Amino acid sequence: ATDPIRQAEHFLGAVQGNWRGPALQPSGVLLVLDFEKNGHYPGGTMRVDQAARFVERIKQRTGKYPGVYGSENRLRAVLNAPGVSRADKAVLGNCWLWIANYHYQPTASSPWSNWRLWQYTGDGKCDLRPRSSYPVRVANIARAERNIFRGSNESLVAWWQDHAWQPAE
């Protein structure tokens, strides 16, 4: 809950400072605002208006709207809270949505018509069945965070290329 412009600048600087170029295809970096409750610092949770300023600054600097990541329940609660402006919701609606729900397949969450990435498990938590469709392990990693892309492998490659930022080397 500090200055969102300064946070965006710091975020882009950290990404650009650690960029080593495309090792794999598709290339580029997907930028994402982790819009979760932050109880680690007093007053640390970002408000909706701050999130909107953050993503506007990312768009201004990179030409790309970042994704917004958060749990389905929290996103609904904060975006539909009293005092949240339609303008700020519209700004966030320009971003692609990466939604977390370990119990059910997410539904549309305004201002988004649908999610692009769905995190369905993390830390071994996952109530979804059948387990063959929603595995919680990856190789020998037992409590992995797993995600699903909405679309085919081919559409993932095209989508990544459209949404990824290419930091200057």
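Chemist: Quick rundown of the overall build of the protein chain? Include the residues and the values.
Modeler: Helix and strand counts for the protein chain stand at five helices and five strands. Going from the N terminus to the C terminus, the protein chain shows its helices and strands as α-β-α-β-α-α-β-β-β-α. Since a compact globule built from 169 residues should have a radius of gyration of about 15 Å, the 17 Å found for the protein chain is in line with a globular shape. In terms of overall dimensions, the protein chain has C-alpha extents of about 45 × 45 × 30 Å along its principal axes. In the protein chain, which comprises 169 residues, the share counted as buried stands at 38%. In the protein chain, the share of contacts with a sequence separation of at least 24, taken over all contacts with a separation of at least 6, comes to 63%. Just so you have it, the protein chain exposes about 9,800 Å², and 50% of that area is on carbon and sulfur atoms. Averaged over its 21 positive side-chain charges, the protein chain has a centre that lies 3 Å from the centre of its 14 negative ones.

Chemist: Go over the packing of aromatic side chains with me, naming the residues and quoting the values.
Modeler: Two descriptors summarise a pair of aromatic rings, namely the distance from one centre to the other and the angle between the planes of the rings. For the structure shown, the criterion picks out eight aromatic pairs. For the pair Trp96 and Trp159, a centre-to-centre distance of 4.9 Å together with 85 degrees between the ring planes defines the contact as edge-to-face. Of this pair, Trp96 sits in strand β3 (residues 96-100) while Trp159 sits in helix α5 (residues 153-163), placing them 63 residues apart in sequence. Seen in terms of ring centroids, Trp118 and Tyr120 are 5.9 Å apart; in terms of plane orientation they differ by 65 degrees. Their pairing is edge-to-face. By way of ring pairs, the aromatic residues Trp115, Trp118, Tyr120 and Tyr134 are connected into one cluster. In this structure, Arg74 is placed above the aromatic ring of Phe35, and the distance from its NZ or CZ to the ring centre is 5.0 Å. A cation sits over an aromatic face here: Arg150 above Trp115, 4.2 Å from the ring centre.

Chemist: So, helix α3 (residues 72-79): which residues are in play, and what are the values?
Modeler: Here α3 has its buried residues at Glu72, Arg74, Leu75, Val78 and Leu79. One side of α3 holds all its buried residues, which, seen down the axis, span an arc of 165 degrees. Against the buried residues of α3 lie α2 (48-62), β2 (67-71), α4 (86-93) and β3.

Chemist: So what about a negative patch on the surface? Which residues, and what values?
Modeler: A surface patch of like charges, here negative, comprises Asp34, Glu36, Asp123 and Glu145. Looking at the secondary structure, you find Glu145 in the loop between β4 (117-121) and β5 (146-149).

Reading the values: rules and limits
- Within each chain, residue numbers correspond to sequence positions counted from 1 in written order.
- Where local features are concerned, this predicted model is filtered to residues with pLDDT of at least 70; where side-chain atom pairs are given and counted, the filter is 80 or more; whole-chain, interface and lining totals use all residues.
- Working from all heavy atoms in the structure, the side-chain values ignore hydrogens and water.
- Secondary structure counts use DSSP, requiring at least four H or I residues in a row for a helix and at least two E residues in a row for a strand, with both numbered from the N terminus.
- As defined in this context, the radius of gyration uses C-alpha atoms, and a globule is described by 2.2 Å times the residue total to the power 0.38.
- Relative accessibility thresholds used throughout: buried, under 20% of the residue-type maximum; exposed, over 50%; partly exposed, between the two (1.4 Å probe, protein chains only).
- Note on contacts: a residue pair is in contact if any heavy atoms of the two residues lie within 4.5 Å.
- Exposure was quantified through the Shrake-Rupley algorithm and a 1.4 Å probe, taking into account, for residues, occlusion by the shown protein chains and nothing else.
- His residues and chain termini do not enter the charge count, which takes Lys and Arg as positive and Asp and Glu as negative.
- Every charge is mapped to an atom, namely NZ of Lys, CZ of Arg, CG of Asp or CD of Glu.
- Working definition: a ring pair exists when centres of Phe, Tyr or Trp rings (six-membered ring for Trp) sit within 6.5 Å. Plane angles under 30 degrees give stacked, over 60 give edge-to-face, the rest tilted.
- Consider the ring centre and the ring normal. A charge sits over the ring if Lys NZ or Arg CZ is within 6 Å of that centre and within 35 degrees of that normal.
- In this context, the arc is that of the directions from the helix axis out to the C-beta atoms.
- The patches reported here contain residues having more than 30% relative accessible area and no salt bridge. Joining distances are 9 Å for like charges and 5 Å for nonpolar side chains (Val, Leu, Ile, Met, Phe, Trp, Tyr).
- Every case where a carboxyl oxygen of Asp or Glu lies within 4 Å of a side-chain nitrogen of Lys or Arg is listed as a salt bridge.

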